[in-house]
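# Observations on the model geometry
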Amino acid sequence: MLYDRHLLIGRYAAAGIAGCLIGALVGGAAMAGTATTRATPAAPPVPLVQSWALRLEQRASDLQNAPKVTATRVGFGAVVKKGDGGFIETVAPALEVPTDVVDEASPYPTVDAAPPVVFRIRSPLADRVGKVARRLIELGHLPPDQWTDSFEDPLENAVRAFQIVEGLQPDGKVGEVTRQALDRTPAQAAAMMQRAATAMRAQQASIPDTAVLVNLPSQTVTYIEHGRPVFTMRAVVGRPSRKTPLLQDKITSVTINPTWTVPPTVLNEDKLPVLRKKGTTGIKNAVVYLDGTEVATETVNWWAVDPGRIRIVQKPGDDNALGRFRFNLTNGDGIFLHGTNDPRLFSRDMRAASSGCVRLEDARMMANTLLTPAKLSPTAVAQQLDTGETKTVRLPNAIPVRFVYWNASVDTDGTVRVHPDIYEDAPGQSPAAAPSKPRPMTKPAVLPVPPAQVGPVSSATVRNLVAPTVNATRM
C-alpha cells in the first residue's frame, strides 16, 4: 500500500514535470510565433506625391468604368447669372402725331397719339440658362421638375452647390471656369487625371519631403513638411502672355516690409508709357531714378530717355505691390513669391494675372512658418512689420520650391480636383536653379538725355548704371 502510494506520487510528479515541459515548449513556440509577428517590419508609408498619383489613377479608372450618361453641353458664351433668361419686357414708344400737319379745317376727326405698347419677349440668354439647368439636373444638383430657362434662386443655389463640389468660388455665376467644369465629360476628366498622375510620377524624385509646391493650373501653393501637406492657399500666377516658368529653386531668405523695384517688362510695357504720357508713374510712394540719381518726374523728357536708364522703386508699406513679405529665390529670371496690396484677385477662379511671380493669399502665414526655424516668432514678425523698416532674414536651411503643371490634384480628404489649362502651351520644365547673381535690368542706354535737363554723366553714374539691380524682378 505504501509502495502504491509512493508509486502514485511518483506518477503525479512525473506527469507534472512532463506537463511543465510540454507547457514550456508550447508556450515558447507561441511566444516565438508572437515575437516573429511583431518583428515583421511594417510596410513603409507611400510617399505623398506617389499617393496623389495613385488616387488620381483610381479616380480616373472609376470614371472610365462608370456607365455612360447624357451630358448637355452649355458651350462657350456669355456669363449667365441671377436675373438672366426667361422673358423680358420691351416698350414700343408712343406714336406721336406732328402738330404742324394738323388741318383744323379738315372734315376728318383729329387722330390721338397711340399709347406705348409693352411686349414680352424671350430673353436671348434663355436658351443658355436652360442648358445650365439641364446640365445641373443631369449632375444631380437640381431636381428634374425644376428645369427652368429663367435664372432665379433655385438655379443659383444649384450652381453654388456644383461650384463647391468642384472646389470653385461659389459665386452662383456661370463664368468661363464654371462653364468648363459643367461641360467636362468623364472621359476628359479621366484623361486630365492620368496626365497629372504621369507628371507626378516623373517629378516625384525631385520633390523633397519638405518643400513649397506651386501648381500653376490649380493656381495654388502648398507647403509640405516631412512628407505631409501642412496648408494650401490660393495664389496668383503669371498671365498667359507672361507665363510663370517651371523652376526648381529654393527660398533662401524672407524680406519683411520689402521695397519693389519695377521689373523690366512691367517698366517697358506698363509704366513707361504712363510716365511719358502723364509725367507720373501711377505708383503710390514710388521714387524714380535716372542713371542712379533720384529725379522729379516732371523735370525730364521721358520720350528721349532709354528704359535702361530708368529705375522705379516703390517704398515699403500697405501700398507696396509686394505686400508685406517677399520670399527670395535664387533664379536669374526675377521670379519669387510675395504678398500683395490687392487681395481681390484671390476671389476669382481664374487667377493667372501676374507678370510671372507668384502672389500668396496668406503671405503672413507662410512667413511665420518659414521664419520659425530662424528663431523669429510670429510676435517678432509682427513687431518688425510695425516698424515699417525693411529687414531680410536668411533661413538656416533653404526651403526647396517646385513649380509644377498638374491638371489634377488631391485634397487632404482625398477629393480629386480637376484644373483647366491656364496656358495654351504649358511652360517647359526648367533645370534646378543654381545660385546666381541678379542680372541688370537691361543693357546700358543708347539714347542721350538732352543736356538742358540732365547734366553730364560722371564715372560714378556709369558704375551705377551698369551695376546689378537686386530688386529688379517680375511680379
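The shown structure was predicted, so the numbers you read here are calculated from the model rather than taken from an experiment. (Residues numbered from 1 in each chain as written. Predicted model: local features only at pLDDT ≥ 70, side-chain atom pairs only at ≥ 80, totals over all residues. Heavy atoms only, no water.)

## Comments concerning the nonpolar core
In terms of nonpolar packing, the biggest core is built from 57 residues, with Val212, Phe327 and Phe403 touching the most fellow members. Beyond its immediate sequence surroundings of up to four residues, Val212 is in contact with Val221, Thr222, Tyr223, Ile251, Leu337, Met366, Ile399, Pro400, Val401 and Arg402. (Core = buried A, V, L, I, M, F, W, Y, C linked by side-chain atoms within 4.5 Å. Buried < 20%, exposed > 50% of the residue type's maximum accessible area, 1.4 Å probe, protein only. Contact = heavy atoms within 4.5 Å.)

## Considerations on the side chain of Thr220
Looking at the element boundaries, Thr220 is found in strand β4 (residues 220-225). Residue Thr220 is classed as buried on the basis of its relative accessible area, which comes to 18%. Within the local environment of Thr220, its side chain forms a polar contact with the side chain of Ser218, the two groups lying 2.6 Å apart. Look past the residues within four positions of Thr220 in its chain and what remains in contact with it is Leu213, Val214, Asn215, Thr232, Met233, Arg234, Ala235 and Arg351. (Helix = DSSP H or I, 4+ residues; strand = E, 2+ residues; numbered from the N terminus. Polar contact = N/O pair within 3.5 Å; in protein donor to acceptor, adjacent residues only side chain to side chain.)

## Observations concerning a nonpolar patch on the surface
Side chains of Ile88, Val117, Phe119 and Ile121 sit close together on the surface and give an oily, nonpolar patch of about 310 Å² of accessible area. The element that contributes the greatest number of residues to the nonpolar patch is strand β2 (residues 117-122), accounting for three residues. Tracing the chain through its elements places Ile121 in strand β2. (Patch = residues over 30% accessible without salt bridge, like charges linked within 9 Å, V, L, I, M, F, W, Y side chains within 5 Å. Areas by Shrake-Rupley, 256 points an atom, 1.4 Å probe, with all protein chains shown as cover. Salt bridge = Lys/Arg side-chain N within 4 Å of Asp/Glu carboxyl O.)

## Digging into the confidence of the model for the chain
Of the residues in the chain, 77% have a pLDDT of 70 or more, and the chain-wide mean is 83. Below a pLDDT of 50 lies the segment residues 1-15, which in the model reaches zero contacts outside its immediate sequence neighbourhood of four places, other chains included. Every residue in residues 17-37 is under pLDDT 50, and counting partners more than four places away or in other chains gives one contact. (pLDDT = per-residue confidence, 0-100.)

## Let's talk about the environment of Lys131
Note on placement: Lys131 falls in helix α3 (residues 126-138). Sequence separation between Lys131 and Thr148 is 17 residues, and the spatial gap between their C-alpha atoms is 9.0 Å. Residue contacts for Lys131: discarding those within four places in its chain leaves Thr72, Arg73 and Val74.

## As for the environment of Gly317
Topologically, Gly317 is positioned in the loop between β10 (310-314) and β11 (325-328). With 33 residues separating them in the primary sequence, Gly317 and Lys284 have C-alpha atoms 10.0 Å apart. With sequence-adjacent residues up to four places away left out, Gly317 is seen in contact with Gly323 and Arg324.

## Considerations on the sheet that holds strand β7 (residues 260-261)
Across the sheet, which stays open at both edges, the four strands sit in the order β7-β10-β8-β9 with antiparallel pairing between neighbours. The open sheet is flanked by β7 and β9 (293-294), the only strands paired with a single partner. Relative to β9, strand β8 (residues 286-290) is paired through two bridges, and the arrangement is antiparallel. Bridge assignment links Tyr289 to a residue of β9, and that residue is Glu294. (Pairing = 2+ DSSP bridges.)

## A short note on the packing of helix α2 (residues 48-65) against helix α6 (residues 186-203)
Remark: α2 packs on α6, axes separated minimally by 8 Å, with the N-to-C direction vectors making an angle of 160 degrees. Judged by the angle between their axes, α2 and α6 are roughly antiparallel. When the axes of α2 and α6 are compared, the crossing they make is left-handed. Within the contact between the two elements, α2 uses Val49, Gln50, Trp52, Ala53, Leu54, Leu56, Glu57, Arg59, Ala60, Leu63 and Gln64 and α6 uses Pro186, Ala189, Ala190, Met193, Gln194, Ala196, Ala197, Met200 and Arg201. Class assignment for the residues of the contact of α2 with α6 results in 14 nonpolar, three polar and three charged. (Axes fitted to C-alpha atoms, helices over the stretch in contact; angles between N-to-C directions. Parallel < 35°, antiparallel > 145°, perpendicular 65-115°, else oblique. Left-handed = near helix turned anticlockwise from the far one by under 90°. Nonpolar A, V, L, I, M, F, W, Y, C, P; charged D, E, K, R; others polar.)

## Quick notes on the pattern of salt bridges
A complete count under the given rule lists 17 salt bridges for this structure. The salt bridge partner of Asp153 is Lys82, with a shortest N-O separation of 2.4 Å. Of this pair, Asp153 sits in helix α4 (residues 153-166) while Lys82 sits in the loop between α2 and β1 (87-92), and the two are 71 residues apart along the sequence. Given a relative accessible area of 40%, Asp153 falls into the partly exposed group. Judged by relative accessible area, which is 41%, Lys82 ranks as partly exposed. Here the residues in one salt-bridge network are Arg73, Glu176, Arg179 and Asp183, joined through shared partners.

## What about the pairing of strand β15 (residues 391-404)?
Regular strands have side chains that alternate between both faces of the sheet. Here strand β3 (residues 211-215) runs beside β15; their pairing, made up of four bridges, is parallel. The partner of Asn215 across the bridge, within β15, is Val404. For strand β6 (residues 246-256) and β15, the ladder comprises eight bridges, and the chain directions are antiparallel. Within β15, the position partnered with Asp249 by the bridge is Val401.

## Examining the packing of α4 against helix α5 (residues 176-183)
Where α4 meets α5, the closest approach of the two axes is 11 Å, and the angle between their N-to-C directions is 80 degrees. Between α4 and α5, the angle falls in the class roughly perpendicular. Listed contacts from α5 to Phe162, Gln163 and Glu166 of α4 are Thr178, Ala181 and Leu182. Across the contact of α4 with α5, the residue classes break down as three nonpolar, two polar and one charged.

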